Amino acid sequence: MAEQTVRWGIIGAGIIAHKMADAIRLEEGCELVAVASRTAEKAEAFAREYDIAAETYPSLVERADVDVIYIATTHNFHADNAAFCLEHGKHVVVEKPFTVNATEARRLQEMAEAKGCFLMEAIWTRFLPSMIKLRETLQNGTVGEVKVATVNFGGVAPEHYRGRLLDPALAGGVTLDMGIYPVSMLCYALGEVPSVNGASCRFSDTGVDEVASYQLSFPSGCLATVNTSFNLLMPHLASFYGDRGYIEYPHFQNLGDFTVKHLEGAELTGEETIHTENAENGFVYQAREAARCIREGLRESPVIPVEETVRIMDVLDEIRRQLPLRYDFESAK
Ligand SMILES: NC(=O)c1ccc[n+]([C@@H]2O[C@H](COP(=O)([O-])OP(=O)(O)OC[C@H]3O[C@@H](n4cnc5c(N)ncnc54)[C@H](OP(=O)(O)O)[C@@H]3O)[C@@H](O)[C@H]2O)c1
């Protein structure tokens, strides 16, 4: 029997929407139907590129031929845009960070439950074959008990990203834009959510965090350090140190290969490279997973259950409390 085609709409005709639109088009069983923008010309230009319909936000959610909407607006709009789609009974996939804070995240969680809609955070790296392999390798005890993990994830943001990243009104800052990746990755790899022992940052002139460090501790006892930045090059490297070996995973967003070193006490007894292939457009995996869940009538993905997203937002709230960074619009709500 032919698979049910899952029909997609997009809200926000910006930069990342193009990558997801490409991924949806690459995915068998998925169809991109329409895009919505606040600006008609922007929606039309995007729609022409993909040969789809151009809509406003209200006209998109009214379309009966759209099953699921991908929210690709800036962080500050995620909660309201997603709530608007849920109110209209649409399934929703929200770009990372799911929302600005955990209060907003819980609101969406409750709405999706009440409406019986599918809801998922589009934290694309979690769905990569290499991340699934990393998690398996750690959780099957290959390196023993993981006691320490470190993740460096920093780069110099290109000019076209900087406006959004530096703007507190758009909930800019490195924690919500980049820090979320290592935090979510550690949670996935270790299978648990940490508490925050410490968090500090350097602020930009605009008052957002641009370089940040977090010290996390996981219920299993693993201690983790994350360093992240959008204006300092730090070669991307995730390392997991266990009592029987350690894993080094450079460029963990792009490469499929990571190294496992085996130890007996302080002796290095062997080394292997674990190889996986990630598709060139890594967003195909999140599109595939959302479509699978929708076809199967699931309300959330087991890869990133909504409750875990909410608990990670709690962690990010605590990190921001310690930096400290609170956006003006959060106080106003
Ligand atoms: N997964 C990844 O690798 C990745 C990479 C980059 C970004 N992202 C995430 O994707 C989302 C969008 O990022 P982006 O770089 O694509 O953003 P963007 O192009 O700057 O903006 C996306 C959309 O947000 C709305 N928007 C932007 N600035 C606005 C403003 N000042 N006032 C009102 N609306 C505004 C616009 O929607 P309209 O079209 O309706 O006007 C715009 O098209 C963010 O959540 C970001 O964290 C993910």
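Residues numbered from 1 in each chain as written. Predicted model: local features only at pLDDT ≥ 70, side-chain atom pairs only at ≥ 80, totals over all residues. Heavy atoms only, no water.

Chemist: Where do I start with the pairing of strand 7 (residues 146-156) in this structure?
Modeler: When a strand is regular, its side chains alternate between the sheet's two faces. When strand 7 meets strand 11 (residues 231-242), the two strands line up antiparallel, connected through eight bridges. Residue glycine 154 lies in a different strand from strand 11, and its bridge partner there is methionine 234. Across seven bridges, the pairing between strand 7 and strand 10 (residues 223-229) is parallel. Paired with valine 148 across the strands is leucine 223, a residue of strand 10. (Pairing = 2+ DSSP bridges. Helix = DSSP H or I, 4+ residues; strand = E, 2+ residues; numbered from the N terminus.)

Chemist: Any chance you could explain the sheet that holds strand 11 here in plain terms?
Modeler: Adjacent strands of a sheet pair through backbone hydrogen bonds, lying either parallel or antiparallel. The strand order across the open sheet built from eight strands is 8-9-10-7-11-12-13-14, with neighbouring strands paired in mixed fashion. Unpaired on one side and paired on the other, strand 8 (195-203) and strand 14 (267-274) mark the two borders of the sheet. Taking the axes of each pair of neighbouring strands and ignoring which way they run, one obtains an average angle of 15° across the sheet. Examined bridge by bridge, strand 8 and strand 9 (residues 209-217) share eight bridges and lie antiparallel to one another. In the strand pairing of strand 9, cysteine 201 is matched with alanine 212. The strands touched by helix 6 (residues 129-139) within the sheet are strand 7, strand 11, strand 12 (245-250), strand 13 (258-264) and strand 14, with strand 12 carrying the most contacts at an inclination of about 170°. (Axes fitted to C-alpha atoms, helices over the stretch in contact; angles between N-to-C directions. Contact = heavy atoms within 4.5 Å.)

Chemist: For this particular structure, what's the right way to read the nonpolar core?
Modeler: Across soluble globular proteins, nonpolar side chains have a tendency to be buried as a group. The biggest cluster of nonpolar side chains holds 116 residues, and the ones touching the most others in it are Trp8, Leu134, Leu216, Phe240 and Ile319. Take this core: its biggest share by element is 12 residues, from helix 8 (residues 174-190). Three or more residues apiece are contributed to this core by two domains, here domain 1 (6-125 + 283-301) and domain 2 (129-277). (Core = buried A, V, L, I, M, F, W, Y, C linked by side-chain atoms within 4.5 Å. Buried < 20%, exposed > 50% of the residue type's maximum accessible area, 1.4 Å probe, protein only. Domains from an automatic or database assignment.)

Chemist: Would you mind going over a nonpolar patch on the surface with me for this structure?
Modeler: Residues Val148, Leu223 and Tyr241 make up a contiguous nonpolar surface patch of roughly 230 Å² in combined accessible area. In this structure, leucine 223 sits in strand 10. (Patch = residues over 30% accessible without salt bridge, like charges linked within 9 Å, V, L, I, M, F, W, Y side chains within 5 Å. Areas by Shrake-Rupley, 256 points an atom, 1.4 Å probe, with all protein chains shown as cover. Salt bridge = Lys/Arg side-chain N within 4 Å of Asp/Glu carboxyl O.)

Chemist: Help me understand empty space enclosed by the protein in this model?
Modeler: One way to see where empty space is left: roll a probe the size of a water molecule over the atoms. Throughout the structure, instances matching the rule amount to one cavity of 30 Å³ or more. Estimates place the volume of the largest cavity at around 40 Å³. Forming the walls of the largest cavity are Ile123, Thr125, Arg126, Met131, Tyr181, Ser184, Met185 and Tyr188. If one sorts the elements of the lining of the largest cavity by residue count, helix 8 sits on top with four residues. Here the lining of the largest cavity is built from residues that sort into five nonpolar, two polar and one charged. (1 Å grid on protein atoms, 1.4 Å probe; cavity = no way out; pocket = protein on both sides within 12 Å on 5 of 7 lines; lining within 4 Å. Points joined across faces, edges and corners; volume = space filled by probe spheres on them. Nonpolar A, V, L, I, M, F, W, Y, C, P; charged D, E, K, R; others polar.)

Chemist: Just checking my understanding: could you explain the side chain of serine 204 for this structure?
Modeler: Within the secondary structure, serine 204 sits in the loop between strand 8 and strand 9. Polar side-chain contacts of serine 204 include one of 2.7 Å to the side chain of threonine 206. Apart from residues lying up to four places away in sequence, serine 204 is in contact with Leu166 and Glu210. (Polar contact = N/O pair within 3.5 Å; in protein donor to acceptor, adjacent residues only side chain to side chain.)

Chemist: Before we go on, may I ask you to explain the site of the ligand in this structure?
Modeler: Lining the immediate environment of the ligand, one finds 24 residues, of which Arg38, Lys42, Tyr57, His75 and Lys96 sit closest. Separating an oxygen atom of the ligand from a backbone N or O atom of isoleucine 15 is a distance of 2.9 Å. The side chain of aspartate 177 places a nitrogen or oxygen atom 3.3 Å from an oxygen atom of the ligand. Here the ligand, which alone exposes 890 Å², has 85% of that area covered by the protein. (Near = heavy atom within 4 Å.)

Chemist: Would you mind going over the domain arrangement of the protein chain with me for this structure?
Modeler: When the domains of the protein chain are assigned, the result is domain 1 (6-125 + 283-301) and domain 2 (129-277). Relative placement of domain 1 and domain 2: their C-alpha centres are 27 Å apart. Of the roughly 1400 Å² buried between domain 1 and domain 2, counting both surfaces, carbon and sulfur atoms make up 65%. Taken together, domain 1 and domain 2 are joined by one salt bridge. Lysine 96 is paired through a salt bridge with aspartate 177; the nearest N and O atoms lie 3.4 Å apart. At the junction of domain 1 with domain 2, the criterion picks out six residue pairs in polar contact (both at pLDDT 80 or more). Those elements giving two or more residues to the side of domain 1 that touches domain 2 turn out to be helix 1 (15-26) and helix 4 (75-87). Tallying contributions element by element places helix 4 first for the side of domain 1 that touches domain 2, with three residues. Split into classes, the residues belonging to the side of domain 1 that touches domain 2 amount to eight nonpolar, four polar and two charged. (Buried area = accessible area lost by both parts, 1.4 Å probe.)

Chemist: I would appreciate a short explanation of the layout of surface pockets in the present structure.
Modeler: Computed from the structure, the largest pocket encloses a volume of approximately 1100 Å³. Considering the residues around the largest pocket, the lining is formed by 43 residues, among which Ile16, Lys96, Tyr161, Arg164 and Asp177 are closest to the centre. Listing elements by their share of the lining of the largest pocket, those giving two or more residues are helix 1, helix 4, strand 7, helix 7 (159-166) and helix 8. Looking at the lining of the largest pocket residue by residue, the classes come out as 19 nonpolar, 16 polar and eight charged. Both domains that meet at the lining of the largest pocket, namely domain 1 (6-125 + 283-301) and domain 2 (129-277), each give it at least three residues. One number sums up the size of the second largest pocket: a volume of about 260 Å³. Lining the second largest pocket are 12 residues, and of these Asn101, Thr103, Arg320, Arg326 and Glu330 sit closest to its centre. Classifying every residue of the lining of the second largest pocket gives two nonpolar, two polar and eight charged.

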